[in-house]
Amino acid sequence: MASAHVLDHPLLQHKVSMIRDKNTGTKEFRELVKEIAMLMVYEVTRDMPLKEVEVETPITMARTKVIAGKMVGIVPILRAGLGMVEGVLNLIPGAKVGHIGLYRDPDTFEPVEYYCKLPVDAQERELIVLDPMLATGGSASDAITLIKKRGCSNIKLVNIIASPEGIETVRKAHPDVDVYVAAVDEGLNDHAYIVPGLGDAGDRLFGTK
Ligand code: PRP
Ligand code: URA
């Protein structure tokens, strides 16, 4: 069974507190989400395999290490996952980017798919799915199902704020997928929003409300 990793570095906790604040405006919110994504992916990639190489320094030859494993693909769930892309690319500039478009039906809270475009070689890549919010877990589970249907199997999910039920939903549907979060909140309200959460991540990122 895959596990949920709670990344609780002090810088992450500090920045997550700032994005929760309703007085944090769009510009700052966007910058913080980017920084949080960068800090999270630093931890998420901790298990990347290395291989030895020889490098000539100005002094002498050195036996040293570089990343050896699969290439990385990042897959933001539209819209709010887009806010995390730049932060990840800052650390993994060679990553290819796929996109999955899902929105939650406002009445049923069920995810509705409207777009999916992955890198052509996605099956050979380690895929990191990005979405700031894991609420019911429906969107993330469906996104991972879509990715698996296209033949991909090496998948990690990165969310900034999760509900306990969202983590459980993804773990049940996709026990092979490791989930990384920066905070696990109390639960969901009647509108399936995370409590205390941060409100609507997409609207706060793009200033649409
Ligand atoms: C939000 C969020 C997740 C989803 C989480 O997106 O970014 O994708 O809800 O909820 P769930 O775990 O209950 O599925 P939303 O559907 O509001 O779309 P948006 O990003 O386009 O605003
Ligand atoms: N989507 C959000 O943006 N926030 C929530 O709390 C739940 C779903």
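Remember, it's a predicted structure, so these values are computed and weren't measured experimentally. (Residues numbered from 1 in each chain as written. Chains lettered and ligands numbered in written order. Predicted model: local features only at pLDDT ≥ 70, side-chain atom pairs only at ≥ 80, totals over all residues. Heavy atoms only, no water.)

**Considering the UniProt feature "binding site: uracil" (unreviewed entry) in the protein chain**
At step 1: Sites flagged by UniProt as "binding site: uracil" (unreviewed entry) map to Ile194, Gly199, Asp200 and Ala201. Within the annotated group, the residues that form the lining of the largest pocket are Ile194, Gly199, Asp200 and Ala201.
At step 2: Contact partners of Gly199, with chain neighbours within four places excluded, come to Met133 and Tyr193.
At step 3: Position of Asp200 among the secondary structure elements: in the loop between β13 (194–195) and α6 (201–206). (UniProt positions renumbered as here; feature names shortened; annotations may be inferred. 1 Å grid on protein atoms, 1.4 Å probe; cavity = no way out; pocket = protein on both sides within 12 Å on 5 of 7 lines; lining within 4 Å. Contact = heavy atoms within 4.5 Å. Helix = DSSP H or I, 4+ residues; strand = E, 2+ residues; numbered from the N terminus.)

**Let's talk about the layout of surface pockets**
At step 1: A volume near 670 Å³ is recorded for the largest pocket.
At step 2: Contributing to the lining of the largest pocket are 29 residues, with Tyr103, Arg104, Ser139, Tyr193 and Asp200 lying nearest its centre.
At step 3: Only β4 (71–78), β6 (99–104), β9 (133–134), α4 (138–149) and α6 provide two or more residues apiece to the lining of the largest pocket.
At step 4: Its residues assigned to classes, the lining of the largest pocket comprises 16 nonpolar, eight polar and five charged. (Points joined across faces, edges and corners; volume = space filled by probe spheres on them. Nonpolar A, V, L, I, M, F, W, Y, C, P; charged D, E, K, R; others polar.)

**Looking at the site of ligand 2**
At step 1: Close to ligand 2 lie Arg104, Met133, Ala135, Ala192, Tyr193, Ile194, Gly199, Asp200 and Ala201.
At step 2: Between ligand 2 and the protein, one listed contact pairs a nitrogen atom with a backbone N or O atom of Gly199 at 2.8 Å.
At step 3: The backbone of Ala201 places a nitrogen or oxygen atom 2.8 Å from an oxygen atom of ligand 2.
At step 4: The site holding ligand 2 turns out to be the largest pocket.
At step 5: A breakdown of the residues in the shell around ligand 2 according to their chemical character gives six nonpolar, one polar and two charged. (Near = heavy atom within 4 Å. Polar contact = N/O pair within 3.5 Å; in protein donor to acceptor, adjacent residues only side chain to side chain. Sits in = over half its atoms within 2 Å of the grid points.)

**Observations regarding the site of ligand 1**
At step 1: Around ligand 1, 14 residues are found, and the nearest of them are Arg104, Asp131, Thr136, Gly137 and Ser139.
At step 2: Separating an oxygen atom of ligand 1 from a side-chain N or O atom of Arg104 is a distance of 2.7 Å.
At step 3: Contact between ligand 1 and Ala135: an oxygen atom at 2.8 Å from a main-chain N or O atom of the residue.
At step 4: Protein burial of ligand 1: of its 500 Å² of free accessible surface, 90% is covered by the chains. (Areas by Shrake-Rupley, 256 points an atom, 1.4 Å probe, with all protein chains shown as cover.)

**Remarks on unusual backbone geometry**
At step 1: For the bond running from Leu78 to Arg79, omega is -5 degrees, close enough to zero to count as cis.
At step 2: When you line up the elements, Arg79 lands in the loop between β4 and α3 (82–91).
At step 3: Despite not being glycine, Phe109 has its phi angle at roughly 65 degrees, a positive value.
At step 4: Residue placement: Phe109 occurs in the loop between β6 and β7 (111–117).
At step 5: On the basis of relative accessibility, which here comes to 24%, the residue Phe109 falls in the partly exposed class. (Buried < 20%, exposed > 50% of the residue type's maximum accessible area, 1.4 Å probe, protein only.)

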